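Single-letter residue listing:
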Amino acid sequence: MIDVRRIRSDYDAVRASLARRGDEGALRDLAQVAELDEKSRQISAERDDLRAQVNGLSKEVGQLRRDGDTAGAEALQEQSRALGEREREVTAASDEIAGQMRDLLLHIPNLPSPDCPDGKGEAENVEVKRVGAGDDPAAWAEHQRVPHWDIGTELGILDLERAVKMSGAMFTMFRGQGATLSRALCQVALDRNADAFEEVRPPTVVLTDTMISTGHLPKFIDDAYHLERDDLWAIPTAEVPLTSLARDEILRGADLPMRLMAQTACFRREAGSAGRDTRGLLRVHEFDKVEILAYATPEQAPALHEELLARAEGLIGALGLTYRVLDLCTGDIGNSSARTFDIEVYAPGVDQWLEVSSVSWFTDYQARRANIRYKVEGVKGNEIAHTLNGSALAVPRVWAALVETHRQPDGTVRIPEILQPYMRGATSIG
RNA sequence: GGAAGGGUGGCAGAGCGGACGAAUGCAACGGUCUUGAAAACCGUCGAGGUGAAAGCCUCCGGGGGUUCGAAUCCCCCUCCUUCCGCCA
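Residues numbered from 1 in each chain as written. Chains lettered and ligands numbered in written order. Predicted model: local features only at pLDDT ≥ 70, side-chain atom pairs only at ≥ 80, totals over all residues. Heavy atoms only, no water.

Participant: Sorry, what's going on with the packing of aromatic side chains here?
Facilitator: Scanning the entire structure with this criterion turns up three aromatic pairs. Between W140 and Y346, the aromatic rings sit 5.6 Å apart at their centres with planes inclined by 45°, giving tilted as the arrangement. Of the two residues, W140 sits in the loop between β1 (126-131) and α5 (148-155) while Y346 sits in strand β10 (residues 339-347), which places them 206 residues apart along the sequence. Assessed through its relative accessible area of 13%, W140 is described here as buried. An aromatic cluster of three or more residues is present, and its members are W140, Y346 and W353. If you follow R324 out to its NZ or CZ, it ends over the ring of W353, 4.2 Å from the centre. (Phe/Tyr/Trp six-rings, centres within 6.5 Å; stacked < 30°, edge-to-face > 60°. Helix = DSSP H or I, 4+ residues; strand = E, 2+ residues; numbered from the N terminus. Buried < 20%, exposed > 50% of the residue type's maximum accessible area, 1.4 Å probe, protein only. Lys NZ or Arg CZ within 6 Å of the ring centre and 35° of its normal.)

Participant: Even after reading the chapter, I still don't get the pairing of strand β8 (residues 286-296), so can you show me in this structure?
Facilitator: Along a regular strand, successive side chains alternate from one face of the sheet to the other. With respect to burial, β8 is a largely interior element, nine of its 11 residues being buried. Note: β8 against strand β14 (residues 386-394), eight bridges, orientation antiparallel. In the sheet register, I292 faces β14, and the bridge partner there is G390. (Pairing = 2+ DSSP bridges.)

Participant: I tried to follow the pairing of β14 on my own but got confused; where do I start?
Facilitator: Among the nine residues of β14, nine are classified as buried, and the element is accordingly described as predominantly covered. Examined bridge by bridge, strand β11 (residues 352-361) and β14 share three bridges and lie antiparallel to one another. Bridge pairing links W361 to L388 in β14.

Put into structure tokens, the structure is as follows:
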């Protein structure tokens, strides 16, 4: 959520910044917020004044009653009653406006960072780095041009048909060494970041407020699984519970940056993408992911953003995959993000770049929603924290790229060295 | 799922219709004393909104109600503790 005070005091700059996203609706909402804010302050001043009068009269009533002046007290009560009625009306109007404002603010996306490249959409993302052969056709052999669903079936490590029998389309099941590989990927991701990140095992199902804090609600309600009976939500990423870990808390400045990581299942309805990438593991409703996240001061945030990216990238590289890093443009960054780098791996079997990690800096947007503050020793007041996070490893697409990339001419899949200890020493599948 | 008790400032804990944003203790901060520290003593000491400021308003788990006036009374919800039930 954007700071209302900033909208008030620096409207043109906020508007210009938001305009870079190319989202007309957001600009309309912003204008409306500014208008409502004006009204809101006026009306709440009126309300406060009425309350002050009622409070004052009530004190006098108390005094008169103690003094035994019943008639005088009753006269004042009469006055106070009339003011009270008016106060109730004004309060109702004020609450109405405050509610509208909050609703609009929750829908307005974050302001992009000045460093975020301009652009209308995906096509204008900036490739900042490429490691390995990429999608150069000359670099890939025939035996690597087999889609992972065929490899999986052939080796008995992927059982999509039965997953669909159990849970419907876009659910998956790994078997045997395929399941072990999935677990190994998560395990290595956790172990590689254990030097600086506290491992957390949060709940996978959360309250509405928890989903609002990260920005997944109310705007993206159609993307989330909801358990109606208990009014709980299945998390789309560990970012959701990890961000709420410090919700409504005041952190100690000395404890920042605070780094957390978690492996969880992630649930996505993929409502807007019906029919796209429906084969194999490219787009699924449930998957495992290791997320790394940090709470920071504004000063610490840029360096942490780089650190998270470096960590995510390091693992992809260590798995022997070819990848590129994209600096997402203003038209493509997520709603809550101010700046995002995506890591995409090239999967030769399906001949596609696959997004496997998204590393974002949310400035104070999520922290303001979640009311996460920090206090610096000796400094008066509390500051809103910054949040950042990224996928250290998301299983399905990495699994897919890995089996395609490391498929040998004989049809077996070579296991990268760093995974072997996590695969009970196995050096290949099949 | 059933029953009982409870949720008050950083912590502990009083208050149970009016002078309560809240006693008291601990912790913290500033000072006196001291070569320094401890102790002792004096003082400060929750958060948010609005305003140039004085001030005013809001917050005693959350929401609603009664009242001129609610931390205090009533209703609903939620969480915690204990007991019972069920259970990996």
